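Here's the letter readout for the chains.
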Amino acid sequence: MTRHAVLYQAAALCLAYPDDEFRTRLPLLRAAAPAELHGFLEYASAAGPHELAAHYVQVFDFKNRHSLYLSWWREGDTRRRGMALVRFKEVYREHGMEFTGEELPDFLPAVLEFSAHAGPVLLEEHRSGLELLRIALADHGTPYAAVVEAVCATLPGPSPKDRAEALALARSGPPREDVGLQPFALIGEPDS
């Protein structure tokens, strides 16, 4: 397993909900994870189980600005997001894997596990969203920022296009769709 593959697998475990299984794996993670994750793992080890779980929920479950669902960063809550989720499943299949998780296929821990085996194709495709997530987590001051930062550091670039796209998306936010909120013109009436 390459160094990046180990980092992706470890980051996947770090970004999943910190349940009892995570706590059981912490000693192994601390021994095997790359140095970039040691700060987060020290924090996770020092925090009590309830404290860590409460922090995770506060960071990831109450704000879309910290969304772990990669397609949200590009598509927002629009119908296009469904097609983006299909794209994730297609990429999994192209690499001989079938997505069977309880989460959506764009859930960052699932994408990281996939990337540990198949390479960072989906991470590279969603680089701007990852960068926005990294910036949002750093601004929030959570130790989880270091995990996403370590993942971003493995990707090529940053190229100006990625940075510009990330900054433009950060300014405008993900797209929104107001389906059903605009009145329809009656058939035969001229458009206004």
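Residues numbered from 1 in each chain as written. Predicted model: local features only at pLDDT ≥ 70, side-chain atom pairs only at ≥ 80, totals over all residues. Heavy atoms only, no water.

1. Notes on the overall build of the chain
(1) Moving on: For the chain, the count of helices and strands is 11 helices and zero strands.
(2) Moving on: Starting at the N terminus and ending at the C terminus, the chain contains elements arranged as α-α-α-α-α-α-α-α-α-α-α.
(3) Moving on: In the chain, which comprises 192 residues, the share counted as buried stands at 42%.
(4) Moving on: Accessible surface for the chain amounts to roughly 10,800 Å². Of this, 55% is attributable to carbon and sulfur atoms. (Helix = DSSP H or I, 4+ residues; strand = E, 2+ residues; numbered from the N terminus. Buried < 20%, exposed > 50% of the residue type's maximum accessible area, 1.4 Å probe, protein only. Areas by Shrake-Rupley, 256 points an atom, 1.4 Å probe, with all protein chains shown as cover.)

2. As for the layout of surface pockets
(1) Moving on: Estimated volume of the largest pocket: approximately 840 Å³.
(2) Moving on: Considering the residues around the largest pocket, the lining is formed by 35 residues, among which Ala16, Glu103, Phe107, Pro109 and Ala110 are closest to the centre.
(3) Moving on: Counting residues per element, the ones that place at least two in the lining of the largest pocket are α1 (3-15), α2 (20-32), α4 (49-61), α6 (80-94) and α7 (108-118).
(4) Moving on: For the lining of the largest pocket, the element with the most residues is α7, which contributes five residues. (1 Å grid on protein atoms, 1.4 Å probe; cavity = no way out; pocket = protein on both sides within 12 Å on 5 of 7 lines; lining within 4 Å. Points joined across faces, edges and corners; volume = space filled by probe spheres on them.)

3. Here we look at α6
(1) Moving on: Over its 15 residues, α6 extends 21 Å from the first C-alpha to the last, a length consistent with the 21 Å expected when each residue adds 1.5 Å.
(2) Moving on: Taken together, the buried positions of α6 are Arg81, Ala84, Leu85, Phe88, Val91 and Tyr92. Viewed along the axis of α6, the buried residues span an arc of 115°, placing them on a single side of the element. Of the residues in α6, the exposed ones pointing more than 90 degrees away from the buried face are Met83 and Glu94.
(3) Moving on: Buried residues along α6 sit in contact with α5 (70-75), α7 and α8 (121-125). (Expected span 1.5 Å × (residues − 1). Arc of directions from axis to C-beta. Contact = heavy atoms within 4.5 Å.)

4. Regarding the environment of Arg25
(1) Moving on: Structurally, the position occupied by Arg25 is in helix α2.
(2) Moving on: Judged by its relative accessible area of 35%, Arg25 falls in the partly exposed class.
(3) Moving on: Sequence spacing of Arg25 and Leu13 is 12 residues, and the spatial spacing of their C-alpha atoms is 8.8 Å.

5. Considerations on the nonpolar core
(1) Moving on: Counting 51 residues, the largest nonpolar core has Leu108, Leu112 and Leu123 as its most contacted members.
(2) Moving on: Setting aside chain neighbours within four positions, we find Leu112 in contact with Tyr8, Ala11, Ala12, Leu15, Leu123 and Val151. (Core = buried A, V, L, I, M, F, W, Y, C linked by side-chain atoms within 4.5 Å.)

6. Some thoughts on α2
Structurally, the α-helix is built with 3.6 residues per turn, so residues lying three or four positions apart point the same way.
(1) Moving on: Along its 13 residues, α2 runs 19 Å from first to last C-alpha, staying within 8% of the 18 Å computed at 1.5 Å per residue.
(2) Moving on: A bend of about 45° at Leu26 is the largest found in α2, and the proline Pro27 appears one to four places after it.
(3) Moving on: All buried positions along α2 are accounted for by Phe22, Leu26 and Leu29.
(4) Moving on: Among the structural elements, α1, α3 (38-46) and α4 are those in contact with the buried residues of α2.
(5) Moving on: The N-terminus of α2 is capped by Asp19, whose side-chain oxygen sits 3.2 Å from the backbone nitrogen of Glu21. (Bend = angle between axes of the 7 residues up to and from the residue. Polar contact = N/O pair within 3.5 Å; in protein donor to acceptor, adjacent residues only side chain to side chain.)

7. Looking at the packing of aromatic side chains
(1) Moving on: Counted under the stated rule, the structure contains 10 aromatic pairs.
(2) Moving on: For the pair Phe40 and Tyr43, a centre-to-centre distance of 6.2 Å together with 50° between the ring planes defines the contact as tilted. Of this pair, Phe40 and Tyr43 both sit in helix α3, separated by three residues, roughly a single helical turn.
(3) Moving on: Here Tyr43 falls in the partly exposed class, since its relative accessible area comes to 21%. (Phe/Tyr/Trp six-rings, centres within 6.5 Å; stacked < 30°, edge-to-face > 60°.)

8. Considering the packing of α1 against helix α10 (residues 144-153)
(1) Moving on: Where α1 contacts α10, the two axes come as close as 10 Å, and the packing angle between them is 155°. One finds that α1 runs roughly antiparallel with respect to α10. Like other packed secondary-structure pairs, α1 and α10 cross with a definite hand, here left-handed. Here Leu7, Tyr8, Ala11, Cys14 and Leu15 of α1 lie close against α10, whose contacting residues are Tyr144, Val147, Val148, Ala150 and Val151.
(2) Moving on: Split by residue class, the contact of α1 with α10 holds 10 nonpolar, no polar and no charged. (Axes fitted to C-alpha atoms, helices over the stretch in contact; angles between N-to-C directions. Parallel < 35°, antiparallel > 145°, perpendicular 65-115°, else oblique. Left-handed = near helix turned anticlockwise from the far one by under 90°. Nonpolar A, V, L, I, M, F, W, Y, C, P; charged D, E, K, R; others polar.)

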